[in-house]
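# Descriptive analysis of the structure
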Amino acid sequence: GAGVSQSPSNKVTEKGKDVELRCDPISGHTALYWYRQRLGQGLEFLIYFQGNSAPDKSGLPSDRFSAERTGESVSTLTIQRTQQEDSAVYLCASSLGRGNEQFFGPGTRLTVL
Amino acid sequence: DQQVKQNSPSLSVQEGRISILNCDYTNSMFDYFLWYKKYPAEGPTFLISISSIKDKNEDGRFTVFLNKSAKHLSLHIVPSQPGDSAVYFCAASAIFGNEKLTFGTGTRLTIIP
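Here we summarise the structure given alongside this text. (Residues numbered from 1 in each chain as written. Chains lettered and ligands numbered in written order. Predicted model: local features only at pLDDT ≥ 70, side-chain atom pairs only at ≥ 80, totals over all residues. Heavy atoms only, no water.)

### Comments concerning the overall build of chain A
To keep it simple, the criterion reads: Helical segments are the DSSP runs of H or I of at least four residues, strand segments are the runs of E of at least two, and each set is numbered from the N terminus. Should any heavy atoms of two residues lie within 4.5 Å, those residues are counted as being in contact. Here the Shrake-Rupley method, with its probe set to 1.4 Å, supplies the accessible areas, and only the displayed protein chains count as covering residues. Residues counted as positive are Lys and Arg, residues counted as negative are Asp and Glu, and His and the chain ends are not counted. By convention, charge coordinates are those of NZ in Lys, CZ in Arg, CG in Asp, or CD in Glu.
The helix and strand tally for chain A stands at 0 helices and 11 strands. Across chain A, helices and strands are ordered from the amino to the carboxyl terminus as β-β-β-β-β-β-β-β-β-β-β. Seen along its three principal axes, the alpha-carbon backbone of chain A occupies a region of about 35 × 25 × 25 Å. Long-range contacts, defined as pairs at least 24 residues apart, comprise 53% of the intrachain contacts of chain A with a sequence gap of at least 6. Summed over its atoms, the accessible surface of chain A is roughly 5300 Å², and 45% of this surface lies on carbon and sulfur atoms. In chain A, which carries 12 positive and 12 negative side-chain charges, the distance between the mean positions of the two groups comes to 3 Å.

What follows is the structure in structure tokens.
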């Protein structure tokens, strides 16, 4: 069966531009998570969706970051006015919900020049 | 504030020997611990987990030990195989929270044939 997919796999953008990253979770998974991994660091939690609502946005680094989820499926993470420190691999994960394993996508590598 | 710490960035082990990866945590609310394995250009894949009511969980060649009083866990791989070469992340969550995972910075394991 299909796993978590993310697009694009790589994105190079110029400082100040907006970017949109997409995540398609495993069908039927109600929980969806966004993480990012900056070079040499561990994965850093950004936001969690249960269904279409986001009970925990505490990891979003600034108001330039936003995310939405529609139809309890696809989610998009938007970064406005990108900065060089936004360069990272952005990972999406989904799960069946409480107490279940999180399955990760391959990530989107974002490079801000 | 790094709540999950993996103090060894890298580890090399001879094929056939035991690999021991260590992880420490500081947040006493964590009650569920996981190990993920990550190959280059792929998302992390779940390996093994342990809940705080146990002190050991075994799955084939992989065993995770939890010492709650020391806030320490370890992953043992025996015997180590070349395919085990990857980056291993320790993660923790509060199962009655929103289940966001807090990750360590990872340990790169290299198995020497």
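Okay, back to it.
### Observations concerning a nonpolar patch on the surface
Residues and elements named next belong to chain B. Note the threshold: Residues form patches when they are more than 30% accessible in relative terms and have no salt bridge. Like charges link within 9 Å. Nonpolar side chains (Val, Leu, Ile, Met, Phe, Trp, Tyr) link within 5 Å. Take a side-chain nitrogen of Lys or Arg and a carboxyl oxygen of Asp or Glu: if they are within 4 Å of each other, that pair is a salt bridge. Remark: exposure states derive from per-residue accessible area (1.4 Å probe, protein chains only) relative to the maximum for the residue type, with buried under 20%, exposed over 50%, and partly exposed in between.
On the surface, Ile18, Ile20 and Val78 cluster together into a nonpolar patch covering about 220 Å² of accessible area. In this fold, Ile18 is placed in the loop between β2 (10-14) and β3 (19-25). By relative accessible area, Ile18 is classed as partly exposed at 39%.

### A closer look at the interface of chain B and chain A
For interface size, the figure often reported is the accessible area lost on association. Here is the rule: Note on terms: buried area is the combined drop in 1.4 Å-probe accessible area of two parts once they are placed together, counting the loss on both. Think of a polar contact as two N or O atoms within 3.5 Å of one another; within protein, one of them needs to be a possible hydrogen donor and the other a possible acceptor, and neighboring residues in sequence only count if both atoms come from side chains.
Counting residues at the interface gives 18 residues for chain B and 20 residues for chain A. The contact between chain B and chain A buries some 1500 Å² in all, and 54% of this surface belongs to carbon and sulfur atoms. Where chain B meets chain A, there are 0 salt bridges. The interface formed by chain B and chain A includes 2 residue pairs in polar contact (both at pLDDT 80 or more).

### Some points on the nonpolar core
To be explicit about the condition: We define the nonpolar core as a collection of buried residues of types Ala, Val, Leu, Ile, Met, Phe, Trp, Tyr and Cys that are connected through side-chain atoms lying within 4.5 Å of one another.
Phe33, Trp35, Leu73, Leu75 and Tyr88 of chain B are the most contacted members of the largest nonpolar core, which totals 23 residues. Contributions of two or more residues to this core are made by β3, β4 (32-38), β5 (45-51), β7 (62-67), β8 (72-77), β9 (86-93) and β11 (107-112) of chain B. It is β9 of chain B that provides the largest number of residues to this core, a total of 4 residues. In contact with Phe33 of chain B, other than residues within four places in its own chain, are Tyr25, Ile48, Ser49, Ile50, Leu66, Leu73, Ala91 and Ala92 of chain B. Ranked by size, the runner-up nonpolar core spans 19 residues in total, among them Val19, Leu21, Ile26 and Ala88 of chain A.

### Examining the environment of Ala67 of chain A
Residues and elements named next belong to chain A. Of note, Ala67 is situated in strand β7 (residues 65-69). By relative accessible area, which is 22% here, Ala67 ends up partly exposed. In contact with Ala67, not counting residues within four places along its chain, are Ile47, Phe49, Thr76 and Leu77.

### Some points on the sheet that holds β7 of chain A
All names here are of chain A. As a reminder, the rule being used: Whether two strands pair comes down to DSSP finding at least two bridges between them. Helix axes use the C-alpha atoms of the stretch in contact, all axes being lines fitted to C-alpha atoms, and the angles between their N-to-C directions lie in the range 0 to 180 degrees.
On the basis of which strands lie adjacent, the open sheet formed by 4 strands has the order β1-β3-β8-β7 and antiparallel pairing. Looking at the sheet topology across the chains shown, the edges are occupied by β1 (5-7) and β7. Geometrically, the sheet is characterised by an average inter-axis angle of 15° between neighbouring strands, direction not taken into account. Relative to strand β8 (residues 75-79), strand β3 (residues 19-24) runs antiparallel, the two being bridged by 5 bridges. Within the sheet, the bridge partner assigned to Cys23 lies in β8 and is Ser75.

### Considering the sheet that holds β7 of chain B
In space, the 5 strands of this open sheet follow the order β1-β3-β8-β7-β6 (chain B), with antiparallel pairing throughout. Edge positions in the sheet fall to β1 (4-5) and β6 (56-59) of chain B, since each of these pairs with one other strand and no more.

### Concerning the packing of aromatic side chains
Heads up, the condition is: Note on aromatic contacts: the rings of Phe and Tyr and the six-membered ring of Trp form a pair at centre separations within 6.5 Å, being stacked when their planes are under 30 degrees apart, edge-to-face when over 60 apart, and tilted otherwise.
Taken as a whole, this structure holds 12 aromatic pairs over all chains when the rule is applied. With a centroid separation of 4.6 Å and 40° between ring planes, the pair formed by Tyr25 of chain B and Phe33 of chain B is classed as tilted. Of the two residues examined, Tyr25 of chain B and Phe33 of chain B, each falls in the buried class. With a centroid separation of 5.9 Å and an interplanar angle of 75°, the aromatic rings of Tyr36 of chain B and Phe46 of chain B are classed as edge-to-face. Residue Tyr36 of chain B is found in strand β4, and its partner Phe46 of chain B is found in strand β5; the two are separated by 10 residues along the sequence. Of the aromatic side chains, those joined through ring pairs into one cluster are Tyr33, Tyr35, Phe45, Tyr48 and Phe104 of chain A together with Tyr36, Phe46, Phe89 and Phe103 of chain B.

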